[in-house]
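As a plain string of letters, each chain reads:
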Number of protein chains: 2
Amino acid sequence: MADDSDRAKIQESIKLQGEVVRKLKESKADKEIVAEEVAKLLALKAQLNDGETSGKITLKTPKGTRDYGPQQMALRNSVLNKIETIFKLHGAETIETPVFELKEILTGKYGEDSKLIYDLADQGGEFLALRYDLTVPFARYLAMNKVTNIKRYHIAKVYRRDAPSFTKGRYREFYQCDFDIAGNYDAMLPEVECLKIVSEALDAVKIGKYVIKVNHRLLLNSIFEVCGVPTDLFRPVCSSVDKLDKLPWEEVKAEMMTKGLSSDIADKVGEFIKQSGDRTLLNSLKEGPLGSSSSGPKALSELSLLADYLELCGSVNEKVVFDLSLARGLDYYTGIIYEAVINDKEVGSVAGGGRYDNLVAMFDPKSRGVSCVGVSLGVERIFSVLEAKGEKYRTTDVQVYVASAQKGLVKERLKLTSMLWDAGINTEHSYKGNPKLLSQLQYCEENQIPLVIILGQDEISRSVVKVRNVTTRQEEEVPCGELINYLLAMITKLSVT
Amino acid sequence: MADDSDRAKIQESIKLQGEVVRKLKESKADKEIVAEEVAKLLALKAQLNDGETSGKITLKTPKGTRDYGPQQMALRNSVLNKIETIFKLHGAETIETPVFELKEILTGKYGEDSKLIYDLADQGGEFLALRYDLTVPFARYLAMNKVTNIKRYHIAKVYRRDAPSFTKGRYREFYQCDFDIAGNYDAMLPEVECLKIVSEALDAVKIGKYVIKVNHRLLLNSIFEVCGVPTDLFRPVCSSVDKLDKLPWEEVKAEMMTKGLSSDIADKVGEFIKQSGDRTLLNSLKEGPLGSSSSGPKALSELSLLADYLELCGSVNEKVVFDLSLARGLDYYTGIIYEAVINDKEVGSVAGGGRYDNLVAMFDPKSRGVSCVGVSLGVERIFSVLEAKGEKYRTTDVQVYVASAQKGLVKERLKLTSMLWDAGINTEHSYKGNPKLLSQLQYCEENQIPLVIILGQDEISRSVVKVRNVTTRQEEEVPCGELINYLLAMITKLSVT
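Nothing here was measured: the structure is a model prediction, and the numbers come from that model.

So, how was this worked out
- Residues numbered from 1 in each chain as written.
- Chains lettered and ligands numbered in written order.
- Predicted model: local features only at pLDDT ≥ 70, side-chain atom pairs only at ≥ 80, totals over all residues.
- Heavy atoms only, no water.
- Least-squares fit on C-alpha atoms with pLDDT ≥ 70 in both.
- Contact = heavy atoms within 4.5 Å.
- Buried area = accessible area lost by both parts, 1.4 Å probe.
- Salt bridge = Lys/Arg side-chain N within 4 Å of Asp/Glu carboxyl O.
- Polar contact = N/O pair within 3.5 Å; in protein donor to acceptor, adjacent residues only side chain to side chain.
- Nonpolar A, V, L, I, M, F, W, Y, C, P; charged D, E, K, R; others polar.
- Helix = DSSP H or I, 4+ residues; strand = E, 2+ residues; numbered from the N terminus.
- Buried < 20%, exposed > 50% of the residue type's maximum accessible area, 1.4 Å probe, protein only.
- Pairing = 2+ DSSP bridges.
- UniProt positions renumbered as here; feature names shortened; annotations may be inferred.

**Some thoughts on the relation of the copies chain A and chain B**
Turning to step 1, where the next piece is worked out: Screw-axis analysis of chain A against chain B gives a translation of 0.2 Å along the axis, an RMSD of 0.9 Å, and a rotation angle of 179 degrees. Accordingly, the operation relating the two chain copies is best matched by a two-fold axis.
Turning to step 2, where the next piece is worked out: The residues that chain A uses at the interface reappear at the interface of chain B in 97% of cases, marking a shared surface.

**Describing the interface of chain A and chain B**
Turning to step 1, where the next piece is worked out: Tallying the contact residues gives 117 residues for chain A and 118 residues for chain B.
Turning to step 2, where the next piece is worked out: Together, the buried faces of chain A and chain B total about 10,000 Å²; carbon and sulfur atoms form 60% of this surface.
Turning to step 3, where the next piece is worked out: A per-residue breakdown of the area chain A buries against chain B is headed by A:Leu59, A:Glu96 and A:Tyr431, which together make up 9% of the total.
Turning to step 4, where the next piece is worked out: Remark: the boundary between chain A and chain B carries 10 salt bridges.
Turning to step 5, where the next piece is worked out: Residue B:Lys60 pairs with A:Glu126 through a salt bridge whose shortest N-O separation is 2.9 Å.
Turning to step 6, where the next piece is worked out: At the junction of chain A with chain B, the criterion picks out 40 residue pairs in polar contact (both at pLDDT 80 or more).
Turning to step 7, where the next piece is worked out: Of the residues in the side of chain A that touches chain B, the class split is 52 nonpolar, 30 polar and 35 charged.

**Observations regarding the side chain of A:Ser240**
Residue and element names in this part refer to chain A.
Turning to step 1, where the next piece is worked out: Summarising the element assignment, Ser 240 is placed in helix α8 (residues 234-241).
Turning to step 2, where the next piece is worked out: A relative accessible area of 1% places Ser 240 in the buried class.
Turning to step 3, where the next piece is worked out: A distance of 2.8 Å separates the side chain of Ser 240 from the side chain of Glu 255, its partner in a polar contact.
Turning to step 4, where the next piece is worked out: Here Ser 240 is in contact with Val 252, Glu 255, Met 256 and Lys 259, once residues within four sequence places are set aside.

**With respect to the pairing of strand β15 (residues 464-469) of chain B**
Residue and element names in this part refer to chain B.
Turning to step 1, where the next piece is worked out: The buried count for β15 comes to five of six residues, which makes it a mostly enclosed element.
Turning to step 2, where the next piece is worked out: In this sheet, β15 lies alongside strand β14 (residues 451-455) in antiparallel orientation, the contact comprising four bridges. For Val 452, the partnering residue across the bridge sits in β15 and is Arg 468.
Turning to step 3, where the next piece is worked out: The pairing of β15 with strand β16 (residues 475-479) spans five bridges and is antiparallel. Bridging across to β16, Val 467 finds its partner in Glu 476.

**Regarding the UniProt feature "binding site: L-histidine" (unreviewed entry) in chain A**
All names here are of chain A.
Turning to step 1, where the next piece is worked out: In the UniProt entry, the feature "binding site: L-histidine" (unreviewed entry) is given for Asp 133, Leu 134, Thr 135, Arg 160, Gln 176, Asp 180, Arg 328, Tyr 332 and Tyr 333.
Turning to step 2, where the next piece is worked out: If you trace the backbone, Arg 328 turns up in the loop between β8 (320-323) and β9 (336-342).
Turning to step 3, where the next piece is worked out: Excluding its chain neighbours within four sequence positions, the residues that come into contact with Arg 328 are Arg 217, Asp 242, Tyr 333, Ile 337, Tyr 338, Glu 339, Gly 352 and Gly 353.
Turning to step 4, where the next piece is worked out: By relative accessible area, which is 7% here, Tyr 332 ends up buried.

So this is what it looks like as structure tokens:
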């Protein structure tokens, strides 16, 4: 669409940008910066071709993203609705925050993964980035709106420039379903509710067998302390421990050593984190060196109280295992952490969360904190698991189709259809003026529409309509005046059976 | 969080980027390009300060965006659910597309407003932009997935770098609720359904009085033709006509003249577009010069058929007025267009849409088209109107609160609460170990929780609990074994009355 003077300007810019790229390469500048400038050069060149090459538009979605058609959406919405029902079962409210935040809000909250944040182009002095999760925006919301206690859920998409893996259901745009309790409350009561929610939600979506691993950040710190890990390596080592579910110990150990840990200290850490079990484990740990470390006793007494509470909460108790290798990647956790994993190694974690008591204070100008604990359901992984089962879902909830048996009945059809809409009955009819009866009936069978009204001249003259049950193919004549009540009764009957 | 070697790299990049900016300025490069490079320079400088200035974080949401708390969300979700119900009433499926698209997908589709598109920073050779509406992504979806007929709705947020106006409910991030029918069908059957949906949705959300203006893009073209508007000015003049609902005719005329229209042609156009009315208007137009223009007869016969169909569709017919000044801002419309307006001048349009038969072909490599017609509900404006009424909405749907009358009952409380969750009863209890009875009861009143179970040592020893109706303050003792059934019956009873 560029006119001649625009073209000249763009050509000038291309020349300049070419120069910039050349100089950057010459000076051996950072590869990413060079790549960016090259990309910009290509974009400028693309502008020149704009409008002349409309046939050449690349017909794709951005890398790592995809469209979801009606069939996929039916499954996804069914899962999201079940999860929302569980969140509401626990009395949660919902909030919404913008899809992007000021860049500085996100910076420094995610540890090693910060490089995966999507930046927006600056177009007016504000540096923005797409949200990376729902937790940091939630903490910003609490600090900004001075909210000191709330139980909220938030179901929305987040964005990470990760390497996409479609087989593992890893996309750059994906849903998170978060439930968090903010407020200064008594120990383990919010935590046990979060674990209960994890198990209720996973049961509701019928994910199959799963285990909920539970650990405590302070217990990890105590382990590092008693093993002699230098304090400044706590976080990097913690992030290595987190990989133990995907990598063999040897590789994790090697990574720890790259980070500056000695081999024997790494091995000591390894001995600890191999342990998992029920409350017997907690008791034996109390007797050992962790029991006399600086933060071990607090962690172990919280875990024991949690174990007490879990015993009162039904089947969730059978799912929980205390696992000292659980670390959780993100920087912001401060207390109990947990993760639900299913048996499929490829899928791994389907829910995770924990306590993060210091995040809100990072945003408050006076560093006033709000204690928080929450859980995030990995719904994309849940979707993949359920999609693999290949079940068919209905994509609409049409209850009645209004068909015509002859030509020339479009107005009668529209009038009747409109009447059914007014009665709140989910109804479709053909957008063809004179559709064939057979194709109308086929449409109903293909789309599992339970009832068809068949309009015919003869019936119209007698003020009746024919109603057909699509499954049984039984037909009945119903007087027009009784039609709405007849249909409502039939719909109720069919939805019960 | 930058360590020393990172810092050195960043400093080097700053030096280089400074050079780039200097050279661009020197060579008087395009302002936008310079601004972008300056922004990048500032971003690099900001990286150096990362982590050192956590206390200085600006605690705000990006310009033109906001958070929505539980109270606002309750209203918003209530409106969105009603609209979704109407879309499903008409048998629509739903799809989802990514929040961003390749920039070139959006380019050249929106006419004068393209400058409001949000670009993402390029970080790997892909140029992305946030979606500006849901229609262009829908057309891209159809072309890419080779879908030739579908009836779909899509409720999602879109992004426009418009001047925010909070009083008018104009934000940079806002919801759209779109319903579209794609497929080659018979004239006006999809159109009349879209108009029906507009009226059903506006009635469902109780927006008050409204009018649905209807026009035809070809009728506008005929007007321009018979008035002698040069063909290349059709689009720009059309976009001026579109402003007639906000500006007086004199200003619209002045704008037309700036675009190159002569005063007398503008006046001729003005005479035509001042007309509005019912089908009598259509008949009189057929007799006039439009009736013998090149595309006027087609437009008028479609509008007449639409009028015929509308008469069969109940109350929507009373809302429709044919209005020759309706133009709709976007470039892509090709046939019938419509817009619903409420009486409040400040708010204006609350729904709009029309036929766009050429948009899909713009994406198809072989220019194969799919005819489409749709409607988009301006829910943000609907939210503002309803919010102004100041009604209170419940933000949760908690049915039962489990309270304790004495200290030391936290485990009994948790056990009972957990049992109610397992029974699917929306239940809360306090996260304090020993909460005061009075504050628990106050919480129920404040949050309109209808039922409280009051646990006491005495009742526990007799295997009963006290259930209190919060509104009537009546209390009843219920044996533990009968509690669930009792509560379910009470909840049904209370929800009916």
